[in-house]
Structures are given as C-alpha cells and as structure tokens.
Amino acid sequence: MYQQFYQHFLKANPDKQHFACHSHHYWPDVTRDATLAYWDDSARLVDDKWDLVFGDKVPAVQHHIARILKLPDAEQIVFAPNTHEFVMRILSCFDWSKALTVVTTDSEFHSFHRQINRLSELNTVNVIRVPTEPFATFPERFAAVVAAQPTDLVFFSQVFFNSGVGVKELTGLVQQLDKVTDAMIVVDGYHGFMAVPTDLSAIAQRIFYLAGSYKYAQGGEGCCFLAVPKGSEHRPVYTGWFAEFGELAKAKQGQVQYANNGYRFAGATMDCSALYRVLAVFDLYQQQSLTVEKVQSYIQSLQHSFLAILDEMQHPLLNRAHLLDKQNQQQGQFLTFRFAADDVARIAAALKQQGIITDYRGDRLRFGFALYHNAADYNLSCLKEIR
C-alpha cells in the first residue's frame with residue numbers, strides 16, 4: 001500500500017522480510033533527494049548555508065514536530081545529533097557534588113540507562129529503578145515511589161524500548177507526578193514519536209520530551225530533539241555555542257548567557273543533513289494526508305495479520321503464549337516475545353538465515369512493523385523449521 005515510497009531500500013534488500021523497523025527504519029525515497037539537496041545547498045552557499053538552515057529548515061522542522069505533538073511553542077524545540085547529548089545536558093543542570101535522587105524505571109534505553117548507572121557509582125547519586133512489570137499497575141507504582149522521598153529527577157519512557165508497552169495515559173501520569181513532586185520530569189518519547197498519537201498540550205510546561213528521527217520519523221540518525229518547557233531557566237554546565245543564539249552580539253563578560261527558548265539546551269556545530277531528511281518525511285506525510293493515527297491503524301492491522309498467521313501455524317515457540325504483553329497494553333510498533341535468553345539469540349539467528357530480520361534484547365525477541373510492509377507479502381512458512 002505504501003511500498004512505492006521506499007523503493008530504494010526495498011530494492012537494496014531483496015528477499016528480506018525486515019521486521020527490525022523499530023531498530024533501523026527504512027527511509028522513504030524522498031530522504032535521498034533531501035540529502036543531495038543539503039550537499040547542493042552547502043556547495044552553493046558555503047558559510048551562508050547557516051542562514052538557510054536556521055532561518056528556514058530548523059523552524060520548518062520545529063513547526064512540524066510541534067504540530068504532531070500539539071506543543072504550543074515551536075521555538076522550545078532544540079536539536080542535537082543524539083539523545084545521549086540531551087541526557088548529559090539535562091544531568092549537567094544538577095550539582096553532582098550534592099545529593100541527587102533520580103527515580104526511573106528498569107526499562108530505559110542505553111542512552112540513559114548506561115549513563116545513569118555510571119553516575120550511580122558516585123556516592124552522592126541515588127538511583128531508584130521502578131519495575132515496569134506488571135504493566136497494568138506501573139503508573140500508580142511509579143507515582144508512589146516518586147512521592148515517597150524528595151526527588152530531583154524523574155525519567156521514564158512513553159513507550160518502553162524492550163517491550164513495546166507504553167504509558168497509555170501520559171498526561172494523567174505527569175499530572176499525578178506534578179502533584180507529588182517539583183522534580184524535573186523527563187519523558188523519553190523515542191518509541192512514541194510518530195508511532196503513537198501524542199498530545200502534550202496539557203503538560204508541555206511541565207516536562208522535557210526527547211525523541212528523534214532514527215525510528216518512526218524515518219529520517220535516519222543525526223536528528224534528535226528536546227522539547228523544553230517555556231520559561232525554563234536551567235543553565236546546563238555541558239553547553240555549546242548554539243545555546244547562545246540571540247546573545248552572540250553581546251559583550252562576552254560576566255555570567256554565561258543562554259538563549260531564551262529551547263536552544264538554551266543546544267550544543268554546537270552539527271551535520272544538518274538529518275534535518276533535511278526528516279523535513280522531507282514530514283512533508284511527504286502531509287502531502288499524502290498521513291497522520292500518526294492513520295499510520296498506527298495500519299501498523300495494528302499488520303500486527304493482527306501477523307498474529308493470525310502464527311495462530312494458524314500453531315508454532316510451538318512463536319505464539320501468543322510467549323507474547324510479553326498479554327493484557328493489551330501494547331502501544332509501540334513492535335511485538336515482543338519472551339523466551340530464555342539462549343533461545344532468543346538462537347531463534348533470531350535462525351530467522352536471519354531465512355531472510356527474516358528481527359532483533360532481540362536479553363530474553364526478548366522483537367518483531368517490528370512498518371508502512372513498507374504489506375500483510376499479503378508475509379511469508380512465514382520457514383518458521384516450521386525453527387524449534
């Protein structure tokens with residue numbers, strides 16, 4: 001149905017069934033033209049390209065993101081090459097020589113998980129990890145832990161990367177947290193952005209929301225963003241010259257100055273070709289009247305078709321009994337099966353030999369679904385050989 005938009009990637013990967021789109025999503029063909037356009041603009045304008053980038057491309061991408069997430073102030077959106085840069089910039093707002101309490105989950109992506117684990121080796125950093133399972137009671141349990149002690153930073157995912165299960169009532173959870181803490185609240189929206197219909201309008205002034213284009217925005221690596229609450233007066237220690245936009249002409253003396261919008265959390269010079277790519281995807285979606293709601297509906301239809309095939313096969317391993325989520329908490333664009341860790345690696349390798357590309361995390365095997373899939377093309381007969 002939508003495969004015509006992904007011909008370059010599909011032709012480069014013949015005889016493969018790519019179920020790892022939650023890891024590395026295929027790029028639409030328009031992103032190739034966008035990459036070439038960035039090169040051409042760089043050749044034509046040289047140093048003057050920054051006027052085009054920050055005068056045209058950045059505002060255009062900001063407005064698309066604000067529209068999709070229903071954010072009231074597009075200028076509060078700032079860009080960086082990866083989310084780890086934002087994680088570090090957020091953490092640098094705190095004084096690590098003083099006691100710092102962080103409440104998070106046991107299911108955060110490595111950008112945060114690894115970094116906060118390293119910081120927890122400091123005597124002053126206390127990290128409390130709330131299990132996401134059982135999923136049905138996670139919001140209540142998480143809010144209770146935050147309320148149980150003075151907390152400086154709250155960090156959790158909108159959709160958990162290792163399960164595909166998400167916080168269905170994100171606004172409700174944030175509002176509940178707001179009642180019990182004045183801590184900084186950060187939501188990792190990477191597996192929610194462009195995958196799950198998201199309305200941040202009621203909580204935009206309370207949360208920092210970070211995501212990027214590598215997954216469902218389909219623009220590839222290099223374009224991550226952070227939505228910063230308007231009026232933020234945070235002064236990240238880890239800061240770059242982009243964060244001084246609007247202040248560059250002023251005399252450099254006294255206290256370091258920051259931009260009065262989201263760019264106070266900016267870094268420094270970056271490759272902006274990713275901005276061109278993701279902008280091309282946003283424009284394509286608008287041209288085709290593709291909303292996140294419409295995409296989600298199509299993905300869910302693919303998931304239902306996939307599970308129906310498994311039901312018919314009655315496979316001893318890949319079946320509903322091994323689905324991680326059995327209580328309809330699913331939100332992300334992938335299904336997760338749970339096995340023993342050794343079995344997961346073996347099954348993923350066997351699938352890859354048959355041209356079925358998946359990925360796995362620990363004891364979890366993930367099958368992702370995308371617009372470049374057609375349910376009629378699913379050929380899972382080779383699963384009979386996998387036991």
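Please read these numbers as outputs of a predicted model, since none were measured by experiment.

**Quick notes on the pattern of salt bridges**
Per the stated rule, a full pass over the model turns up 13 salt bridges. The salt bridge involving Arg-118 is made with Glu-121; its shortest N-O contact spans 3.2 Å. The partly exposed category is assigned to Arg-118, whose relative accessible area is 46%.

**Brief notes about the packing of helix H2 (residues 30–45) against helix H8 (residues 273–287)**
The interhelical angle for the contact between H2 and H8, taken along N-to-C directions, is 140°, at an axis separation of 8 Å. Between H2 and H8, the angle falls in the class oblique. Crossing handedness for the pair H2 and H8: right-handed. On H8, the residues that touch Val-30, Thr-31, Ala-34, Thr-35, Ala-37, Tyr-38 and Asp-41 of H2 are Ser-273, Tyr-276, Arg-277, Ala-280, Val-281 and Leu-284. Looking at the contact of H2 with H8, its residues break down into 8 nonpolar, 3 polar and 2 charged.

**A short note on the nonpolar core**
Counting 128 residues, the largest nonpolar core has Phe-79, Phe-156, Phe-193, Tyr-209, Phe-306, Phe-337 and Phe-367 as its most contacted members. For this core, the element with the highest residue contribution is H8, accounting for 10 residues. Sequence-distant contacts of Tyr-209, defined by excluding residues within four places in its chain, comprise Leu-69, Gln-158, Val-187, Gly-189, Gly-192, Phe-193, Thr-198, Leu-200, Phe-225, Leu-226 and Ala-227.

**Some details on the packing of aromatic side chains**
The tally for this structure, following the rule as stated, stands at 28 aromatic pairs. With a centroid separation of 5.4 Å and an interplanar angle of 65°, the aromatic rings of Phe-208 and Phe-265 are classed as edge-to-face. Residue Phe-208 is located in strand E7 (residues 207–212), and its partner Phe-265 is located in the loop between strand E8 (224–227) and H8; the two are separated by 57 residues in the primary sequence. On the basis of relative accessible area, Phe-208 is assigned to the buried category, the value being 3%. The class of Phe-265 is buried, set by a relative accessible area of 0%. Members of the aromatic cluster, each reached through a chain of ring pairs, are Phe-19, Phe-306, Phe-337, Phe-367, Phe-369 and Tyr-378. Across the ring face of Tyr-276, the terminal group of Lys-57 is positioned such that the distance to the ring centre comes to 4.8 Å.

**Let's talk about the packing of helix H6 (residues 138–147) against helix H7 (residues 170–180)**
For the pair H6 and H7, the least separation of the axes is 9 Å and the interaxial angle reads 20°. As summarised for this structure, H6 and H7 are arranged roughly parallel, according to the angle between their axes. For the pair H6 and H7, the sense of crossing is right-handed. Touching Phe-138, Pro-139, Phe-142, Ala-143, Val-146 and Ala-147 of H6 are Leu-173, Gln-176, Leu-177 and Val-180, all from H7. Looking at the contact of H6 with H7 residue by residue, the class counts come to 9 nonpolar, 1 polar and no charged.

Cut-offs and rules
Residues numbered from 1 in each chain as written. Predicted model: local features only at pLDDT ≥ 70, side-chain atom pairs only at ≥ 80, totals over all residues. Heavy atoms only, no water. Salt bridge = Lys/Arg side-chain N within 4 Å of Asp/Glu carboxyl O. Buried < 20%, exposed > 50% of the residue type's maximum accessible area, 1.4 Å probe, protein only. Axes fitted to C-alpha atoms, helices over the stretch in contact; angles between N-to-C directions. Helix = DSSP H or I, 4+ residues; strand = E, 2+ residues; numbered from the N terminus. Parallel < 35°, antiparallel > 145°, perpendicular 65-115°, else oblique. Left-handed = near helix turned anticlockwise from the far one by under 90°. Contact = heavy atoms within 4.5 Å. Nonpolar A, V, L, I, M, F, W, Y, C, P; charged D, E, K, R; others polar. Core = buried A, V, L, I, M, F, W, Y, C linked by side-chain atoms within 4.5 Å. Phe/Tyr/Trp six-rings, centres within 6.5 Å; stacked < 30°, edge-to-face > 60°. Lys NZ or Arg CZ within 6 Å of the ring centre and 35° of its normal.

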